[in-house]
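Residue-level structure breakdown
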Amino acid sequence: MTGINISRRRLIELGRATASFTLAAAAIPGPVLAQTGGRPGARGRPMPANVSLPSRPTRPRPGSVGYAIVGLGDYALKQMMPRFDRSQRSHIAALVSGNPEKLARVGDAYGVPEDARYSYEQYDRIAADRRIEAVYIVLPTGLHADFAVRAFAAGKHVLCEKPMALTSADCERMIAAARRADRKLMIAYRVHFEPHNIEAMALMQRRAVGNIRFVRTEQLSRTDPSSTPSENWRISRTLAGGGPLEDYGIYGLQSALYLTGEMPESITATAFRPANDPRFTEVFASVASQLRFPSGAVAQLATSYDAHGSNIAHVLGDTGALIMDPATSYEGHEMRLEGRERRSFSLGDPTVQFAGQLDHLSDAIRDGAAIRTPGEMGLRDVRLMEAIYAAAESGRAVRLDPDGQMRR
Ligand code: NAD
């Protein structure tokens, strides 16, 4: 793999191509972005392909929490919105979108009243809408922080998609806004509500593989070779940071932490961006990192937008191994133990994770229950991704404090 050092001429080209970046930002994707100014705006996009809308709306359960869905993209329309049906305490109360035609179609299908359908420009008006108690932000990552802070200013609770934001400074801004407003902030880390991952955490806590020596995770996919940053936000620096690590590799990072139950004390990494590939003018193609934990365990994380698909987590201990493949997908999980304990797990329907996370926030809002995946967890992970990029850039190990901050 080539390192991330790139020539001054290339920096200048990148700086020209993306007017909102300084040259320094072009050299180090991700963590420095929002500090360079040039924040992106929200804009309407067409209806994604292959969306099936409900044939008739469901009635909200009495006393359930009303959510405004912000961003009617692929994940909202295909995964999360259909799952409100299965939640006990959550319903769709409002929609926010930049595409009026899509807003009307989706609003009609889900039975959202016309006066509860907002454009991005009208977003702050949700403050006066008592039907909305919480906002679910399903926008490109570079927009999460601003929309969350404005939701808190409007007095709403926030469920924010992963990754929480592009920089730890933005995460801190979101946490401070939640505290000021005395509202809940949850990061939508759905796997914490998925039966195989929950069981895996319990297995590792009771040392089902003995002492953990290694964790290996892969989150790999291949972005369409004809994609460009102007039409695919996932490869646009201002909206996606460094690319695959924030979007997909974050699952491997999360797995390494909840399976070991530890925070890393040092990180080494490498990041690769091929020349002359229109997909990777602004983001990395691949990031590989190695995390060392205080127990001596080591996690090796690979993530890419340019590799054959893979989604695995393997934990190798001194008496056995846990194999999860796929590990963090929407469904179809497979998990087995090898070694001293040999067994396969069949733990029911993984898709309960979607409604599970909605009802978890609603429980916290209604009953004051503690949030399993709070803003502080999102901040922790963004700090670790910043450390991964810093290690890749310097070519040296980055040492960390227990809260994930880089040691100066
Ligand atoms: P998408 O491109 O399908 O949808 C993005 C939505 O944001 C669209 O409705 C689009 O109109 C809107 N948008 C507003 N401003 C935009 C802009 N400037 N550029 C592009 N779109 C803009 O993306 P998605 O896959 O639905 O992802 C949305 C969020 O959900 C991201 O934060 C992503 O990380 C997260 N996500 C989470 C999971 C998960 O498993 N938890 C899976 C997929 C996506």
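Residues numbered from 1 in each chain as written. Predicted model: local features only at pLDDT ≥ 70, side-chain atom pairs only at ≥ 80, totals over all residues. Heavy atoms only, no water.

**Some thoughts on the overall build of the chain**
Counting its regular elements, the chain contains eleven helices and 15 strands. For the chain, whose C-alpha radius of gyration is 21 Å, the value lies close to the compact-globule estimate of 22 Å for 408 residues. When burial is assessed residue by residue, the chain has 57% of its 408 residues classed as buried. Considering only residue pairs separated by 6 or more positions, the chain has 70% of its internal contacts joining residues 24 or more positions apart. Counting every atom, the chain has about 17,300 Å² of accessible surface; 48% of that belongs to carbon and sulfur. Here the chain contributes 51 positively and 44 negatively charged side chains, and the mean placements of these two sets differ by 2 Å. (Helix = DSSP H or I, 4+ residues; strand = E, 2+ residues; numbered from the N terminus. Rg over C-alpha atoms; globule rule 2.2 N^0.38 Å. Buried < 20%, exposed > 50% of the residue type's maximum accessible area, 1.4 Å probe, protein only. Contact = heavy atoms within 4.5 Å. Areas by Shrake-Rupley, 256 points an atom, 1.4 Å probe, with all protein chains shown as cover. Lys, Arg positive; Asp, Glu negative; His and termini not counted. Charge placed at Lys NZ, Arg CZ, Asp CG, Glu CD.)

**Let's talk about helix H3 (residues 74–83)**
Most of H3 is tucked away, with seven of its ten residues classed as buried. Along H3, the positions that sit buried rather than exposed are Tyr75, Ala76, Leu77, Gln79, Met80, Met81 and Arg83. Where H3 is buried, its residues meet strand E1 (65–70), strand E2 (90–96), helix H4 (100–110), strand E4 (134–137) and helix H10 (352–367).

**Examining the pairing of strand E9 (residues 286–292)**
Side-chain positions along a regular strand alternate between the two faces of the sheet. Alignment of strand E8 (residues 266–272) against E9, held across seven bridges, turns out to be antiparallel. Directly across from Phe272, in E9, lies its bridge partner Ser286. Where E9 lies against strand E10 (residues 298–304), seven bridges are found, and the strand directions are antiparallel. When the sheet's bridge partners are listed, Ser289 is paired in E10 with Leu301. Two successive antiparallel strands, E9 and E10, enclose a turn made up of five residues, where Gly296 displays a positive phi of approximately 105°. (Pairing = 2+ DSSP bridges.)

**So, the pattern of salt bridges**
All told, the structure shown has 26 salt bridges when counted by the stated rule. Residue Asp129 pairs with Arg131 through a salt bridge whose shortest N-O separation is 2.9 Å. Under the relative-accessibility criterion, Asp129 is labelled buried at 5%. The salt bridge partner of Arg279 is Asp277, with a shortest N-O separation of 2.8 Å. When sorted by exposure, Arg279 lands in the same class as Asp277, which is buried. Here the salt bridges do not stand alone but share partners, grouping Arg222, Asp277, Arg279 and Asp306 into one network. (Salt bridge = Lys/Arg side-chain N within 4 Å of Asp/Glu carboxyl O.)

**Side note on the domain arrangement of the chain**
Here the domain parsing of the chain yields domain 1 (8–191 + 366–374) and domain 2 (194–348 + 381–399). Summarising the inter-unit geometry, the C-alpha centres of domain 1 and domain 2 are found 24 Å apart. Tallying the contact residues gives 34 residues for domain 1 and 33 residues for domain 2. Both sides of the domain 1 and domain 2 interface together cover about 2,800 Å² of buried area, and 60% of this is carbon and sulfur. Arg383 is the salt-bridge partner of Glu172, the closest N and O atoms lying 3.1 Å from each other. Where domain 1 packs against domain 2, one counts twelve residue pairs in polar contact (both at pLDDT 80 or more). Residue assignment for the side of domain 1 that touches domain 2 shows that the elements contributing at least two residues are helix H1 (8–17), helix H2 (23–27), H3 and helix H6 (168–181). It is H6 that contributes the most residues to the side of domain 1 that touches domain 2, three residues altogether. Looking at the side of domain 1 that touches domain 2, its residues break down into 18 nonpolar, nine polar and seven charged. (Domains from an automatic or database assignment. Buried area = accessible area lost by both parts, 1.4 Å probe. Polar contact = N/O pair within 3.5 Å; in protein donor to acceptor, adjacent residues only side chain to side chain. Nonpolar A, V, L, I, M, F, W, Y, C, P; charged D, E, K, R; others polar.)

**A short note on the site of the ligand**
Arg43, Asp74, Lys162, Arg190 and Tyr251 are the nearest of the 27 residues found near the ligand. One of the backbone nitrogen or oxygen atoms of Arg45 is found 3.3 Å away from an oxygen atom of the ligand. Residue Gly73 places a main-chain N or O atom 3.0 Å away from an oxygen atom belonging to the ligand. The fraction of the free accessible surface of the ligand (830 Å²) that becomes covered by protein chains is 92%. Of all elements in the fold, only H3 and helix H9 (244–260) reach the threshold of two or more residues within the shell around the ligand. Split by residue class, the shell around the ligand holds 13 nonpolar, five polar and nine charged. Two domains share the shell around the ligand, each providing at least three of its residues, namely domain 1 (8–191 + 366–374) and domain 2 (194–348 + 381–399). (Near = heavy atom within 4 Å.)

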